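Structural characterization, general
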Amino acid sequence: MDDLYKTVKMIKALKIQGAENVAKAAIAAWSGCADKKKAERVLMNARPTEPMLRNSMRYLSKYGNPGALAEMIREADARIAGYGSNLIQNGSTVYTHCHSSTAESIMLLSRKKGRRFTVNLTETRPSFQGRLTALALASHGIEVNMYVDSAALHAIKEADLMLIGADAITSSGSAINKIGSNLFAGIARSFGIPVYVASSVMKFDPETVYGKQEKIEARSGTEVWNVHRKNIHIVNKVFEEVEPKNINAFITEFGVIDSGSLMGEIHGHYGWMF
Ligand code: RUB
């Protein structure tokens, strides 16, 4: 049980971050816990804004086979990296925001295939996940230009494509991702730069089909500024909805598809979610 609560603590403190890393850690914690019902309940709530975590718990509660689930995720990742890497050309510039292991794996595979490209990225206040992306890419020989968030316009207008991850996909074809993602996607679109959301369809929230609005996580204001003064209210919403009109396509395990094609793929392949 100790490992279960240790995992939950690390998820809450962002020591484990990114939708997929959160789901993978939860699967491992579930596997190591004897009381499966309790593990499901506790892990489901570790980060309430992560449908991939909830879908993983749904799968385990139905089939109880963490090995098969891990394999399904591994296979999806490999397909997404393969399809996405074809979108990055030699000499191009990619703009990204925050840290998405899915977007990162696309860029790393593209580099592995021998393509040379530059990545412009924004640092992603207040938790600076952009630094994680910068360190990972640079250590694989990818040139990175780091911008403060308020310089995003300059980072984006130089780019050939924008590539971000997703925490959630909704039935209306929107994505939920790190705060700033919709603002920056809108800027990219205004320059005619295509916006791709790299995400396994395992991040689809089936409850959105029944009208549920995706919850947007608000974290402590002290992450932004550790000050306590009368009349100062710190708003620290950490995610936002990326509107379908700002998304050219999703890079998924079923190919590079527009938001209108998502539902068919979900019903066809992941019917157990419902
Ligand atoms: C991370 C974030 C990532 C998505 C997708 O936010 O917004 O883009 O989670 O990540 P946080 P992945 O650091 O607050 O978790 O592709 O790894 O699932």
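None of the values given here were measured: they were computed from a predicted structure.

How each quantity is defined
Residues numbered from 1 in each chain as written. Predicted model: local features only at pLDDT ≥ 70, side-chain atom pairs only at ≥ 80, totals over all residues. Heavy atoms only, no water. Salt bridge = Lys/Arg side-chain N within 4 Å of Asp/Glu carboxyl O. Helix = DSSP H or I, 4+ residues; strand = E, 2+ residues; numbered from the N terminus. Buried < 20%, exposed > 50% of the residue type's maximum accessible area, 1.4 Å probe, protein only. Near = heavy atom within 4 Å. Polar contact = N/O pair within 3.5 Å; in protein donor to acceptor, adjacent residues only side chain to side chain. Areas by Shrake-Rupley, 256 points an atom, 1.4 Å probe, with all protein chains shown as cover. Domains from an automatic or database assignment. Patch = residues over 30% accessible without salt bridge, like charges linked within 9 Å, V, L, I, M, F, W, Y side chains within 5 Å. Core = buried A, V, L, I, M, F, W, Y, C linked by side-chain atoms within 4.5 Å. Contact = heavy atoms within 4.5 Å. Buried area = accessible area lost by both parts, 1.4 Å probe. Nonpolar A, V, L, I, M, F, W, Y, C, P; charged D, E, K, R; others polar. Pairing = 2+ DSSP bridges. Axes fitted to C-alpha atoms, helices over the stretch in contact; angles between N-to-C directions.

1. Structural notes on the pattern of salt bridges
- Under the criterion given, the structure shown has 14 salt bridges.
- A salt bridge links Lys24 to Asp77; the shortest N-O distance between them is 3.5 Å. Highlighted residues: Lys24 in helix H2 (residues 19-31) and Asp77 in helix H5 (residues 66-85), separated in sequence by 53 residues.
- For Lys24, a relative accessible area of 39% gives the class partly exposed.
- One salt-bridge network, in which partners are shared between bridges, spans Arg47, Glu50, Glu217, Arg219 and Glu223.

2. What about the site of the ligand?
- Not every one of the 18 residues close to the ligand is listed here, only the nearest: Gln17, Ser100, Ser101, Thr102 and Lys178.
- Ala19 is positioned such that a nitrogen or oxygen atom in its backbone is 2.9 Å from an oxygen atom of the ligand.
- Within the contact set of the ligand, an oxygen atom lies 2.7 Å away from a side-chain nitrogen or oxygen of Ser100.
- Coverage of the ligand by the protein amounts to 100% of the 460 Å² it exposes when considered alone.
- Every element with two or more residues in the shell around the ligand is listed here: H2, helix H6 (101-112) and strand S6 (175-178).
- Both domains that meet at the shell around the ligand, namely domain 1 (2-73) and domain 2 (81-217 + 234-273), each give it at least three residues.

3. Points about a nonpolar patch on the surface
- Together, Val209, Tyr210 and Phe274 line one region of the surface with nonpolar side chains, adding up to about 310 Å² of accessible area.
- You can see Val209 is positioned in the loop between strand S7 (195-198) and strand S8 (239-242).

4. Concerning the nonpolar core
- In terms of nonpolar packing, the biggest core is built from 54 residues, with Leu43, Tyr95, Ile156 and Met162 touching the most fellow members.
- With seven residues, the top contributor of residues to this core is H2.
- Ignoring anything within four residues of it in the chain, the contact list for Ile156 reads Tyr95, Phe184, Ile187, Ala188 and Ile193.
- Counting residues in hydrophobic clusters, the runner-up holds 18 residues, among them Ile88, Phe117, Ala134 and Leu161.

5. Structural notes on the domain arrangement of the protein chain
- Segmentation of the protein chain into domains returns domain 1 (2-73) and domain 2 (81-217 + 234-273).
- With 20 residues of domain 1 in contact, the opposing surface of domain 2 contributes 25 residues.
- For the pair domain 1 and domain 2, the summed buried surface comes to about 1800 Å²; carbon and sulfur atoms form 54% of the total.
- Among the residues domain 1 hides against domain 2, the three largest losses belong to Gln17, Thr49 and Asn55. Together they make up 28% of the total.
- Between Arg47 and Glu217 there is a salt bridge whose closest N-O contact spans 2.8 Å.
- The interface formed by domain 1 and domain 2 contains eight residue pairs in polar contact (both at pLDDT 80 or more).
- Elements that contribute at least two residues to the side of domain 1 that touches domain 2 include exactly H2, helix H4 (51-63) and H5.
- Considering each element in turn, the side of domain 1 that touches domain 2 owes the most residues, nine residues, to H4.
- Among the residues making up the side of domain 1 that touches domain 2, the classes are represented as nine nonpolar, five polar and six charged.

6. Section: the sheet that holds strand S2 (residues 118-122)
- Ordered in space as S3-S2-S1-S4-S7-S9-S10, the seven strands form an open sheet in which the pairing is mixed. Two strands lie at the open edges of the sheet, namely strand S3 (143-147) and strand S10 (255-257), each paired on one side alone. Strand-to-strand twist across the sheet, computed as the mean angle between neighbouring axes with direction ignored, equals 25°.
- The sheet contact formed by S2 and S3 spans five bridges and is parallel. Paired with Thr118 across the two strands is Glu143, which belongs to S3.
- Of the strands in this sheet, strand S9 (249-252) and S10 are in contact with H5, which crosses S9 at around 135°.
- The sheet contacts of helix H9 (residues 181-190) involve strand S1 (93-97), S2, strand S4 (161-164) and S7, and relative to S4 the element is tilted by about 160°.

7. Quick notes on the side chain of Thr170
- The residue Thr170 is located in the loop between strand S5 (168-169) and S6 in this model.
- Polar contacts involving the side chain of Thr170 include one to the side chain of Ser172, which spans 3.1 Å.
- The residues contacting Thr170, other than those within four sequence positions of it, are Ile176, Phe204, Thr208, Glu214 and Glu241.

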